[in-house]
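Fold and contact review
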Amino acid sequence: MQQRILREATHLFVTQGYHRISMREIAEAVGGSKAGLYYHFKDKEDLLLAILTAYLDTIERVLLEIQQAGGSTRSQVRSLMLAIFAQPPEQRALIRLASQEMPQLSQEARARFGLVYYTKFIAQVEAILRNGIASGELHALDIHVTTWLLLGMMYPFFYPAHEHELGTPAAAIDLMIDVFFDGAAPRLTTLG
């Protein structure tokens, strides 16, 4: 039942927004009662955090597998992007939902989520990039800013509505990888 609640609430939050959905509407979608929801989750905020934490658990597993597989930093970043873009749009939209809804949640909930988000996602991406700096594949850059720049390129793809206007994920990944690792300026050739 808990998994069903998480699945239905995810769909409702992503498609209609966290603040537009009530626990009663979630209970109706699940085919249960509000009391049944409160048996599993303290409140709607707790339910949202459970959804986001479950998603981040999945992302963390993927990132750890990518790091354990080794390879170049470029190939690991590509694997990260492929894994995220292979997810259904509704799953990818959870990152967007989190960034939009966090300011509306309690300070305690924001702090809890911030720690989980950093540990399971941001720190794992930073580790990939840090290894790239150590191996000489990347310049010695501010790792925190570099991580957010990389994720910022991916952010538009976390909106299901933009899915069709941004082209295929494979083409977008190739472009993002090239821009991130090689820059957008044309390569100068030397005469000689």
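Predicted model only: the values in this text are computed from it and were never measured.

1. Concerning the pattern of salt bridges
Within the structure shown, the criterion is met by eight salt bridges. When the shortest N-O distance is used, the salt bridge between R112 and D46 registers 3.7 Å. Of this pair, R112 sits in helix α7 (residues 107-134) while D46 sits in helix α4 (residues 44-69), placing them 66 residues apart in sequence. In this structure, K120 engages D57 in a salt bridge whose closest nitrogen and oxygen atoms are separated by 2.8 Å. Residue K120 is found in helix α7, and its partner D57 is found in helix α4; the two are separated by 63 residues along the sequence. Exposure remark for K120: the relative accessible area of 18% places this residue in the buried category. What you see here is one network of salt bridges that share partners, running through D57, E60 and K120.

2. Concerning the confidence of the model for the protein chain
With 94% of its residues at a pLDDT of 70 or more, the protein chain shows a mean pLDDT of 89. For the protein chain, per-element mean pLDDT is lowest for helix α6 (residues 89-101), which scores 83, and highest for α7, which scores 95.

3. Quick word on the packing of aromatic side chains
One pass over the structure, following the stated rule, counts five aromatic pairs. Taking 6.3 Å as the distance between ring centres and 35° as the angle between the ring planes, the aromatic pair formed by Y117 and W148 counts as tilted. Taken together, the residues span a long stretch of sequence, with Y117 in helix α7 and W148 in helix α8 (residues 143-154) at a distance of 31 residues. Connected via pairs of aromatic rings, a cluster forms that spans F113, Y117, F121 and W148. A cation over an aromatic ring shows up here: K44 above the ring of Y18, its NZ or CZ 4.4 Å from the ring centre.

4. Looking at the layout of surface pockets
Quantified by volume, the largest pocket comes out at close to 210 Å³. As for the largest pocket, its lining consists of Q3, L6, R7, T10, H11, I51, A54, Y55, T58, E90, Q91 and L94. Listing elements by their share of the lining of the largest pocket, those giving two or more residues are α1 (2-16), α4 and α6. It is α1 that provides the largest number of residues to the lining of the largest pocket, a total of five residues.

5. Let's talk about the environment of E45
If you trace the backbone, E45 turns up in helix α4. The spacing of E45 and L105 is 60 residues in sequence and 7.1 Å in space, taken between C-alpha atoms. Of note is the side chain of E45, whose polar atom sits 2.9 Å from the backbone nitrogen of S106.

6. What to know about the environment of S22
Looking at the element boundaries, S22 is found in the loop between α1 and α2 (23-30). Judged by relative accessible area, S22 falls into the partly exposed class, the value being 26%. Placed 22 residues apart in sequence, S22 and K44 show a C-alpha to C-alpha distance of 7.8 Å.

7. With respect to the packing of α4 against α6
For the pair α4 and α6, interaxial distance at closest approach is 10 Å and the crossing angle is 130°. The angle between the axes of α4 and α6 places the two elements in the oblique class. You can see that α4 and α6 cross each other, and the crossing is left-handed. Residue-level inspection shows L48, I51, L52 and Y55 of α4 in contact with α6, the latter providing Q91, R92, L94, I95, L97, A98 and E101.

8. A few points about the nonpolar core
The nonpolar side chains of a soluble globular protein tend to be buried with one another. In terms of nonpolar packing, the biggest core is built from 57 residues, with F13, I26, L47, M81 and F121 touching the most fellow members. Those elements that place two or more of their residues in this core are α1, α2, α4, α5 (73-85), α6, α7, α8 and α9 (169-182). If we ignore the near neighbours within four places in the chain, the residues touching I26 are A9, L12, F13, I21, L37 and L47.

The rules behind these values
Residues numbered from 1 in each chain as written. Predicted model: local features only at pLDDT ≥ 70, side-chain atom pairs only at ≥ 80, totals over all residues. Heavy atoms only, no water. Salt bridge = Lys/Arg side-chain N within 4 Å of Asp/Glu carboxyl O. Helix = DSSP H or I, 4+ residues; strand = E, 2+ residues; numbered from the N terminus. Buried < 20%, exposed > 50% of the residue type's maximum accessible area, 1.4 Å probe, protein only. pLDDT = per-residue confidence, 0-100. Phe/Tyr/Trp six-rings, centres within 6.5 Å; stacked < 30°, edge-to-face > 60°. Lys NZ or Arg CZ within 6 Å of the ring centre and 35° of its normal. 1 Å grid on protein atoms, 1.4 Å probe; cavity = no way out; pocket = protein on both sides within 12 Å on 5 of 7 lines; lining within 4 Å. Points joined across faces, edges and corners; volume = space filled by probe spheres on them. Polar contact = N/O pair within 3.5 Å; in protein donor to acceptor, adjacent residues only side chain to side chain. Axes fitted to C-alpha atoms, helices over the stretch in contact; angles between N-to-C directions. Parallel < 35°, antiparallel > 145°, perpendicular 65-115°, else oblique. Left-handed = near helix turned anticlockwise from the far one by under 90°. Contact = heavy atoms within 4.5 Å. Core = buried A, V, L, I, M, F, W, Y, C linked by side-chain atoms within 4.5 Å.

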